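Fold and contact review
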Amino acid sequence: MFTDLSKWNEGYAMRSNLLLSTMLTTSAAVLYVSPAFAQDAGYENADSSTSSEIIVSATRRNERIQDVAVAITALGESFLEDTGAQQLSDVVSAIPNLSVVPNGAGASVFTIRGVNSSSATSNIQAPVAVYIDDVPALDPFIPYAVPEFHLYDIERVETLRGPQGTLFGAGALGGAIRFITKKPDLDEVSFGTQESIQAVKHGEVGYEANAMVNIPLATDTLALRAVGYYAKKAGWIDNPVLGDKNGNSLKTYGGRAMLAWQAADNFKLTGSVMIDVSRPRDSAYTPYGTKGYANNGVLRNFTDNDSSIYNITSELDLSWVDITTNLTYLKRTAHQILDFSGTAIPVTGLPGSSPLLDDSVSDNYIQETRFASPDDQRLTWLVGVYYQNYKLDLREQISQPGVADLGYATDLLSDSRYTGKVIERALFGELGYKLTPELKFTVGARMFHQTVGTTAEVAIGGETLFDGPPGSAANGDKYKKVTPKFGLSYAPNRDLLIYATASNGYRAGQGNLFTGVDPVSNQVIPAAYGPDELWNYELGTKFSAFNGDLSVSADVYYIDWKKIPLEAFTDGLGLPYTDNVGDAEVKGAEIEIVARPVSQIETGASMAYAHARITAVRSNADALVGDQLPGGAPFTAYVYGQYNAEISNNTDAFIRASYSYTGKQYSYLNNPNSFSYGKYDTVSAQAGLKTGNYSIVLKVDNLFNGKGRVNARSLFGLPVQVLQTPRTIGATFNALF
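Parameters and conventions
- Residues numbered from 1 in each chain as written.
- Predicted model: local features only at pLDDT ≥ 70, side-chain atom pairs only at ≥ 80, totals over all residues.
- Heavy atoms only, no water.
- Pairing = 2+ DSSP bridges.
- Helix = DSSP H or I, 4+ residues; strand = E, 2+ residues; numbered from the N terminus.
- Buried < 20%, exposed > 50% of the residue type's maximum accessible area, 1.4 Å probe, protein only.
- Contact = heavy atoms within 4.5 Å.
- Polar contact = N/O pair within 3.5 Å; in protein donor to acceptor, adjacent residues only side chain to side chain.
- Salt bridge = Lys/Arg side-chain N within 4 Å of Asp/Glu carboxyl O.
- Patch = residues over 30% accessible without salt bridge, like charges linked within 9 Å, V, L, I, M, F, W, Y side chains within 5 Å.
- Areas by Shrake-Rupley, 256 points an atom, 1.4 Å probe, with all protein chains shown as cover.
- Phe/Tyr/Trp six-rings, centres within 6.5 Å; stacked < 30°, edge-to-face > 60°.
- Lys NZ or Arg CZ within 6 Å of the ring centre and 35° of its normal.

Looking now at the sheet that holds strand S3 (residues 71–76). Strand order in the open sheet made by the five strands is S3-S8-S9-S6-S7, with mixed pairing throughout. With partners counted over all chains shown, the strands left at the sheet margins are S3 and strand S7 (135–136), one partner each.

The structure is reproduced here in structure tokens:
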């Protein structure tokens, strides 16, 4: 557990120097092959992860990614199909400075640019906003129930780095991830299927089936598009204590249906329903420091998650203004079981296992209306209003056999209930003005008002060992904030963009899950914690050359983060709570390069550096000045190459290989006493054949069967880890008619 920081710092410095030299070397190599581009200037640009011609909607307008003065990675449909990607974890390595910590199915934690204070979920709003089209998909309270994001029939995945509070709200402190779905086609009937199978070394065989149908119901007026999926993800972790083989398997199913009505040439109405059901059997946790695929836990750890999203979107074009309105209702139920034995047994002295059960229901109603000027003007503007009404009801019970024999009414160690409510009203806008045809100034702001209310009840059924006698507490706060953004961009031609931005990110405070006094140490738990905010200062460039056969995106940034809500633990029982007791800064750089020296070959690389450190600590937080922020890696790299071959007029083949590296990460602050993970690499390969309406992709992930640690944490006193998924060989078959 303990880390030799002097040796780590030496390695860190070496990797920092390596990053800078590699960036320069890679850039030089790409420029060196430039004569080949000139020989093939007529090559038609293909859909690529960073192609300058990809259209994105990161600014709530449809624009070329080359023209957007934001650090953004867009993974298009061809990329997703060629890599055989089925979920977000399959493509994370291709996105600079994005980390996803697997805490089990439906419980992942996202980090962008190192902006996070824990690699485990807690009662803190996630620092990364996740959207499905224009719908936020994460709860603002305790976002431990995360939908499984399936990538079938997805147009693209956009990842915006840096705070996006102006257009995407308080949850986009470090950035935002957007899944853009395909919309109903009013003109053509189409039908598609995708079947995949995966065999995991040391584990079992998994499979997934997807289907899509698009049906115009009235010519040029009404169309339905529906998608359904069912997946059985392979497990590979055995638990001899419970007699489980491949216990970390997962079943997930669901779908979405969209009905589009083009009521008039300038008015469109779209209704959608999205359902996602996740049923994991157990987590992938193994004892910390081991290299095997066996878990000796006495209880399974998992989160069942049922999510439903209902949305109506209207789009009205009045020539001088486009008006878009979204009405959304989200409902989520979650059932979580965690092994609390590591904390319970030392306190009670009883030998039996101790399950922690959480059952929660959340309801979220959201309404947003945007007014946007036409794009082809010297002065462009966008103004919007936003309303959110969110409710959470969480019941938690912790038990252990034999507790009743200690003088209590039942075997419950704790019996509590937590309710939360958030009402947010916001006004936001962005103004862009071209000072000259090449020079554009942008200013934006979001003004919002949040009302947050929480209640906590303990010992609901009578006095318990951990809760003490029955009691309750309520807390309510109101928060007001304006988050500004300023930008200046220079585009002398359509192939070069240089930009500078300063943007503010903000999160409101919340009540602590449970308040009161630690029964062992008598330490008082604060009722609530306040808001935190950061400023992101960024300088970037994007350029493409040789008819799009070379594209480069690079940026440097500095983040100043104040009043960070950090997870702390009481003396005695170590009860968790949150308080604003830290400041931090992040210094970093990112670069993405895609090159096509000849029409058959595409190669690319992305690298990211993030020096994320605590700069100040107040009160009794479990953190040290100089700590690396948890959840993010100081250095990540991704390199790939793909060869395309035309077999016949309607048959194409390709082979692809990629390499990724993730640097050292920490689970918590107080790094010397924290669990560490990261410092692993992955090699993957794909080969595909496309003919007519059919395609097949063969793939192997983790080719050399690496056993790097991708997560580590203390599970209520039990040190656990998650290793890389063993070598996985799979095949995906697509058909589209």
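Now for the environment of Gln 198. Relative to the assigned elements, Gln 198 resides in strand S10 (residues 190–200). Taking relative accessible area as the criterion, Gln 198 reaches 13% and is therefore assigned buried. Taking the C-alpha atoms as reference, Gln 198 lies 7.4 Å from Ala 234; in sequence the two are 36 residues apart. Beyond its immediate sequence surroundings of up to four residues, Gln 198 is in contact with Gln 86, Glu 204, Val 205, Gly 206, Tyr 207, Thr 728, Ile 729 and Gly 730. Here the side chain of Gln 198 touches Gln 86 through a polar contact of 3.3 Å, side chain to side chain.

If you walk through the whole model with that rule in mind, you get 38 salt bridges. Here Asp 67 ties to Arg 64 by a salt bridge, and the two come within 2.9 Å at their closest N and O atoms. Judged by its relative accessible area of 40%, Asp 67 is partly exposed. The closest approach of N and O atoms between Arg 596 and Glu 602, which form a salt bridge, is 3.0 Å.

To continue, consider the pairing of strand S16 (residues 302–317). Pairing of strand S14 (residues 267–280) with S16, which is carried by 12 bridges, proceeds in the antiparallel orientation. Paired with Phe 267 across the two strands is Leu 316, which belongs to S16. Looking at chain direction, S16 and strand S17 (residues 322–339) are connected through 16 bridges and run antiparallel. Note on S17: the bridge partner recorded for Asn 311 is Thr 328. The loop that links S16 with its antiparallel partner S17 comprises four residues; one of these, Ser 319, has a positive phi angle of about 70°.

Okay, unusual backbone geometry next. Residue Asn 522 is not a glycine yet carries a positive backbone phi of 65°. Summarising the element assignment, Asn 522 is placed in the loop between strand S25 (516–517) and strand S26 (524–525). Accessibility expressed as a relative area gives 57% for Asn 522, which makes it exposed. Here Asn 705, not a glycine, exhibits a phi torsion of approximately 55°, which is positive. Along the chain, the position of Asn 705 falls in the loop between strand S35 (694–701) and strand S36 (709–715). Assessed through its relative accessible area of 14%, Asn 705 is described here as buried.

With that settled, the discussion passes to a nonpolar patch on the surface. On the surface, a nonpolar cluster with roughly 720 Å² of combined accessible area is contributed by Phe 191, Ile 647, Leu 689, Tyr 694, Ile 696, Leu 698, Phe 733 and Phe 737. Broken down by element, the residue count for the nonpolar patch peaks at three residues, all from S35. In this fold, Phe 737 is placed in the segment after strand S38 (728–736). Judged by its relative accessible area of 45%, Phe 737 falls in the partly exposed class.

Moving on, we come to the side chain of Asp 555. One can find Asp 555 in strand S29 (residues 550–569). Of note is the side chain of Asp 555, whose polar atom sits 3.2 Å from the side chain of Arg 113. Look past the residues within four positions of Asp 555 in its chain and what remains in contact with it is Ala 71, Arg 113, Arg 161, Tyr 499, Glu 538, Leu 539, Gly 540, Gly 588, Ala 589 and Glu 590.

Overall, the coordinates contain 15 aromatic pairs when judged by the stated rule. Here Phe 448 and Tyr 506 contribute two aromatic rings whose centre-to-centre distance is 5.1 Å and whose plane-to-plane angle is 55°, an arrangement assigned as tilted. Here Tyr 506 lies in strand S23 (residues 496–507) and Phe 448 lies in strand S21 (residues 439–458), a separation of 58 residues in the sequence. The pair Phe 448 / Tyr 506 is uniform in exposure class, with both members buried. Cluster of aromatic residues (ring-pair linked, three or more members): Tyr 207, Tyr 230 and Tyr 253. A cation over a ring is seen here: Arg 656 above Tyr 640, with NZ or CZ 4.2 Å from the ring centre.

Following the sequence through the fold, Asn 644 ends up in strand S32 (residues 635–648). As for Asn 644 and Ile 601, which are separated by 43 residues in sequence, their C-alpha atoms are 6.2 Å apart. In this structure the side chain of Asn 644 is engaged in a polar contact, spanning 3.0 Å, whose partner is the side chain of Gln 642.

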